[in-house]
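Analysis of the macromolecular model
The chain contents come next:
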Amino acid sequence: ALAGLAPCVELNDGNKMPIVALGTGRGTASESASVDEVRQAVYWAIEAGYRHVDTAAIYFDEPEVGQGIRDAINNNLVTREELFVTTKLWGDKHREQDVVPALKESLQKLGLDYVDLYLIHFPVAVKEDGSYDDVDYLETWRGMEKARALGLTRSIGVSNFNASQVDRIIANSRVWPAVNEIEVNPTLTQEALVTHCLELGIAVMGFSPFGFVVSRNNPNAPPPRADDPVLVHLSNKYHKAPTQIILRYLIDRGIVVIPKSVNKKRIEQNIDLFDFSLNDEEVKLINGFNKNHRVIDFADLKDYPNFPYGEY
Ligand code: NDP
């Protein structure tokens, strides 16, 4: 039996987005899922009730994400219209004329006619060799608007943009970003940036939602871990795992969560979130863990113009 479908948020363009997405980023230094595990995970997730999958060109798993989706559609678990698929444009395709071809390449790999959401993955443009490329993300946004007008994506947005970068897009564009996908978790609560986006009507997708509550092979990272007394208390009170408490904490802040797992049981657990909620005091308690400490720091790009972090 399904634990239940996740509810949707309405985006500022009228489209609806399910508030739990399966993450398909295949990990950084500490772990690495195979593309075949991702194909299987996508299928299991749809079986468990997920209707939203988050991928990116730079994850190099769009073919397997697409295969998992098509397997589920072919087995009549779901229709394409019932799914919400997000993918992202990497920084080596930031010139306006490169955006539509990059999305077409992603669609071909996914085996889909359209995606639901296309994001500028990071505000910094790079050349194919990873060195800096001087392309303004406002130019990139023109390409995103074109991709949407062509119907290749239903919504467009950004990822890893700070507040002033979001404001600069809004001040200079016809179509506003529907979404900003940023890291949010107990040690990086991002209260100012989340509030800024939500007040503008821009939905926030929170990546690396578990922060350091799950092992990142980094014993020096700040608390909480799963055995932290605060999480154990909430876990006992609601009869939920500490990881479910964390996802619910984000949802109760109005954030769309993107838990990644390639394990069937954990995939099921990560969407079993809709029979409880945290109160304001409990949300504040978890906000108290904030240390502005990132899981993902994009350190390779930190010396380039438009690097977004530092403000928050
Ligand atoms: P997550 O916070 O989703 O953590 C993933 C880790 O937690 C994996 O090691 C996973 O292992 C483990 N895990 C998952 N569920 C549970 C559970 N219930 N109990 C215990 N452990 C669990 O981190 P990610 O960094 O992967 O971020 C999630 C997604 O966000 C990415 O996959 C990607 O889609 C997106 N993202 C976007 C970025 C951007 O720049 N826009 C940057 C980084 C991520 P296992 O698989 O074995 O369960």
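Below or above, wherever it landed, is the structure these notes cover. (Residues numbered from 1 in each chain as written. Predicted model: local features only at pLDDT ≥ 70, side-chain atom pairs only at ≥ 80, totals over all residues. Heavy atoms only, no water.)

Considering the site of the ligand
Test applied: Here a residue is considered near a molecule or strand provided that any single heavy atom belonging to it is located within 4 Å of it. Here a polar contact is taken to be a pair of N or O atoms separated by no more than 3.5 Å, where protein atoms must pair a possible hydrogen donor with a possible acceptor and residues adjacent in sequence count only if both atoms sit in side chains. Calculation of accessible area relied on Shrake-Rupley with a 1.4 Å probe; when residues are assessed, cover is drawn exclusively from the protein chains displayed. Polarity classes work like this: nonpolar for Ala, Val, Leu, Ile, Met, Phe, Trp, Tyr, Cys and Pro, charged for Asp, Glu, Lys and Arg, and polar for all others, with Gly in that last group.
Asp54, Ser208, Lys260, Ser261 and Arg266 are the nearest of the 27 residues found near the ligand. Here an oxygen atom of the ligand and a side-chain polar atom of Asp54 are 2.7 Å apart. Starting from 910 Å² of accessible surface for the ligand in isolation, the protein chains cover 88%. Each residue belonging to the shell around the ligand can be placed in one class, and the counts come to 9 nonpolar, 11 polar and 7 charged.

Digging into the packing of aromatic side chains
We apply this condition: The aromatic pairing rule takes the rings of Phe, Tyr and Trp, using the six-membered ring of Trp, and pairs them if the centres are within 6.5 Å, calling planes under 30 degrees apart stacked, those over 60 edge-to-face and the rest tilted. Strands here are runs of E lasting at least two residues and helices are runs of H or I lasting at least four, both read from the DSSP assignment and numbered beginning at the N terminus. Think of it in three bands: residues with accessible area under 20% of the maximum for their type are buried, residues over 50% are exposed, and the middle band is partly exposed, with areas taken using a 1.4 Å probe on protein chains only. The rule is short: NZ of Lys or CZ of Arg within 6 Å of the ring centre and within 35 degrees of the ring normal puts a charge over the ring.
Applying the stated criterion across every chain, the model contains 7 aromatic pairs. Ring geometry for Tyr132 and Tyr304: centres 5.4 Å apart, planes at 45°, overall tilted. Placement of Tyr132 in the loop between β6 (115-120) and α4 (137-149) and of Tyr304 in the segment after α10 (280-287) is noted, with a sequence separation of 172 residues between them. Ring geometry for Tyr137 against Phe161: centres 5.1 Å apart, planes inclined by 70°, an arrangement best described as edge-to-face. You can see Tyr137 sitting in helix α4 and its partner Phe161 sitting in the loop between β7 (153-159) and α5 (163-171), a full 24 residues away along the chain. Assigned by exposure class, Tyr137 and Phe161 land together as buried. Taken together, the aromatic side chains of Phe122, Phe298, Phe307 and Tyr309 make up a single cluster linked through ring pairs. Sitting over the face of the ring of Tyr114, Arg80 holds its NZ or CZ atom 3.9 Å from the ring centroid. Above the ring of Tyr309, the side-chain terminus of Arg294 is found at 3.5 Å from the ring centroid.

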